[in-house]
Amino acid sequence: MSRRYLFTSESVTEGHPDKICDQISDTILDTVLALDPASRVAAEVVVNTGLVIVTGEISSTATANFVKVVREKIAEIGYTNPKNNGFSADSCSVLIALDEQSADIAQGVDQAQETREQTSDERWDAIGAGDQGIMFGFACNETPEMMPLPICLAHRISRELAAVRKSGQLNYLGPDGKTQVTVEYEDGRPVGIDTILVSTQHTETIGELSNNEDVQAKIKEDLWKAVVLPVFSGLEVQPTNTTRFLVNPTGKFVIGGPQGDSGLTGRKIIVDTYGGYSRHGGGAFSGKDPTKVDRSAAYACRYVAKNIVAAGLADKCEVQLSYAIGVARPTSIFIETFGTGKVSDEVLLSLVNEHFELRPAGIIETFNLRGLPAERDGRFYQEVAAYGHFGREDLDLPWEKTDKIAALKSAIETPAAVGV
């Protein structure tokens, strides 16, 4: 018997209060790492009406004007007119309250337990995990990005909202916005679009339109033509005349951004990952340097899962890692293919142990996580701080590479190599 069900994922635009915080946190990270790649950073940001607070811990030889960094990022996002948005790069207060990393934590990162106990002389054992925790990564073959379709579509709509705002095509839009897409599945494959939801900040009037009903009708018509249809162009699954299209369901969205809601770094972890389609370990990404395995190991999990799916060894794959603070080697590795594996999950685990380096120092070197901000003109982490950290075909992300396909396929073709 076939099984039909609906699954929903959401995204937010770069002007959403929480995403403002994520982007500021990662811009601070980029700035510091570009000057001192060995920096330890845990930058947290809070925004509210007319206020930005930067707190957390930074240990670095780098010096930077963080107030300037914050204002430039806010302006880039689009908050430049306090009259329209109640929040502006030039007029908001910026408070900096940063400490250094705890020496107790630093000693476990500087020298892992393995090297302190002289159990190994491998260079990958040099750095201990910056904290304990669990991380998940996921991939599936239902989209070219090897991501679930609902989160892909939600992100695409959010990005397109920002694009038409910044280009001036729909110049009445504000920076704040949220999207949500409900996809219909049959036997685990997407077959239709049930609902598309867009809530977008806008001006009180649009041209000569001042009646709110007329304004909302104009927004809905424009978004369908300028945002939704371009997003679905060329896709196999399309909205139909039965697809619900909801726009600003409260009836109005003029007050937005930090004026409408406070924001906090790390409060959109499901938006940042797989839209709820896969499990999440609970750790946020933004503002954290790569010794924090909440971030770097989650990237490694995605890398492993994506290569397994890209190699045709499973249709879906979820990878879990766990770490102990100050210890280099993962305390556990778990592989789940949800019955879609072409070989057993035990064989896949053997392949992962053989072909992927999952100690923090190895992950950092494999992806060049310390050097990328300097290589890319001081911009790397801030680019993934909005519109998702995974499946980003618009960015060249090292954890999205599928360069292990040949090795994995070759190992499968040599059964003795994986204990079959």
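Because the structure is predicted, anything quoted here is derived from the model rather than measured.

What counts and what doesn't
Residues numbered from 1 in each chain as written. Predicted model: local features only at pLDDT ≥ 70, side-chain atom pairs only at ≥ 80, totals over all residues. Heavy atoms only, no water. Pairing = 2+ DSSP bridges. Helix = DSSP H or I, 4+ residues; strand = E, 2+ residues; numbered from the N terminus. Contact = heavy atoms within 4.5 Å. Axes fitted to C-alpha atoms, helices over the stretch in contact; angles between N-to-C directions. Buried < 20%, exposed > 50% of the residue type's maximum accessible area, 1.4 Å probe, protein only. 1 Å grid on protein atoms, 1.4 Å probe; cavity = no way out; pocket = protein on both sides within 12 Å on 5 of 7 lines; lining within 4 Å. Points joined across faces, edges and corners; volume = space filled by probe spheres on them. Nonpolar A, V, L, I, M, F, W, Y, C, P; charged D, E, K, R; others polar. Phe/Tyr/Trp six-rings, centres within 6.5 Å; stacked < 30°, edge-to-face > 60°. Lys NZ or Arg CZ within 6 Å of the ring centre and 35° of its normal. Arc of directions from axis to C-beta. Core = buried A, V, L, I, M, F, W, Y, C linked by side-chain atoms within 4.5 Å.

**Points about the sheet that holds strand β9 (residues 263-264)**
(1) Moving on: Taking strand neighbours across the sheet as the criterion, the four strands line up as β4-β3-β2-β9 in an open arrangement whose pairing is mixed. For this open sheet the edge positions go to β4 (93-99) and β9, each flanked by a neighbour on one side alone.
(2) Moving on: Bridging between strand β2 (residues 40-48) and strand β3 (residues 51-59) involves nine bridges; their strand directions are antiparallel. Each bridged residue has a counterpart across the sheet, and for Arg40 the counterpart in β3 is Ser59.
(3) Moving on: Where helix α1 (residues 17-35) meets the sheet, its contacts fall on β2, β3 and β9, and the angle it forms with β2 comes to roughly 150°.

**A short note on the side chain of Asp272**
(1) Moving on: Mapped onto the elements, Asp272 comes out in helix α9 (residues 269-272).
(2) Moving on: Take Asp272: its relative accessible area is 2%, and that puts it in the buried class.
(3) Moving on: Here Asp272 is in contact with Lys19, Asp22, Phe285, Ala385, Gly388, His389 and Phe390, once residues within four sequence places are set aside.

**Quick notes on the layout of surface pockets**
(1) Moving on: Its boundaries defined by the atoms lining it, the largest pocket holds a volume of some 300 Å³.
(2) Moving on: Around the largest pocket, the lining comprises 20 residues; the ones closest to its centre are Asn84, Asn85, Leu173, Gly174 and Thr203.
(3) Moving on: Sorting the residues of the lining of the largest pocket by element identifies α3 (82-85), β6 (173-186) and β7 (189-202) as the ones contributing at least two each.
(4) Moving on: Its residues placed into classes, the lining of the largest pocket shows five nonpolar, 12 polar and three charged.

**Re the pairing of β6**
(1) Moving on: Burial runs high along β6: 10 of the 14 residues are buried.
(2) Moving on: Here strand β1 (residues 4-12) pairs with β6 via nine bridges, running antiparallel. Looking at β6, one finds that Ser9 is bridged to Val181.
(3) Moving on: Bridge analysis of β6 against β7 gives 11 bridges, and the strand direction is antiparallel. Note on β7: the bridge partner recorded for Tyr185 is Pro190.
(4) Moving on: The loop that links β6 with its antiparallel partner β7 comprises two residues; one of these, Asp187, has a positive phi angle of about 50°.

**Some details on the packing of aromatic side chains**
(1) Moving on: Under the defined criterion, the tally for this structure stands at 18 aromatic pairs.
(2) Moving on: Judged by centre distance (4.9 Å) and plane angle (80°), the ring pair of Phe380 and Tyr381 falls under edge-to-face.
(3) Moving on: Residue Phe380 is classed as buried on the basis of its relative accessible area of 2%.
(4) Moving on: Just above the ring of Phe356 sits the side chain of Lys404; from NZ or CZ to the centre is 5.6 Å.

**Things to note about the environment of Ile219**
(1) Moving on: With respect to the helices and strands, Ile219 occurs in helix α7 (residues 212-232).
(2) Moving on: Taking the relative accessible area as the measure of exposure, Ile219 reaches 0% and is therefore buried.
(3) Moving on: Each C-alpha atom, one on Ile219 and one on Val247, is 7.8 Å from the other, the two residues being 28 residues apart in sequence.
(4) Moving on: Beyond its immediate chain neighbours, meaning those up to four positions away, Ile219 contacts Tyr172, Thr200, His202, Ile206, Val247 and Asn248.

**Quick notes on empty space enclosed by the protein**
(1) Moving on: A complete count under the given rule lists two cavities of 30 Å³ or more for this structure.
(2) Moving on: Quantified by volume, the largest cavity comes out at close to 80 Å³.
(3) Moving on: What lines the largest cavity is Ile134, Met135, Phe136, Thr273, Tyr274, Arg279, His280, Gly281, Gly283, Phe285, Asp294 and Ala298.
(4) Moving on: Elements that contribute at least two residues to the lining of the largest cavity include exactly β5 (133-140) and α10 (293-310).

**Considering helix α11 (residues 345-355)**
An α-helical turn contains 3.6 residues, so any two residues separated by three or four positions project in the same direction.
(1) Moving on: Buried within α11 we find Val347, Leu348, Leu351 and Val352. Angular distribution of buried residues about the axis of α11 spans 145°; they occupy a single face of the element. Set apart from the buried face of α11 by more than 90 degrees, the exposed residues are Glu346 and Glu354.

**Some points on the nonpolar core**
A general feature of soluble globular proteins is that nonpolar side chains tend to end up buried together.
(1) Moving on: Among the nonpolar cores identified, the biggest contains 103 residues, and Ile28, Val52, Ile74, Leu223, Ile308, Tyr323 and Trp399 are the most heavily contacted of them.
(2) Moving on: The leading source of residues in this core is α10, at 11 residues.

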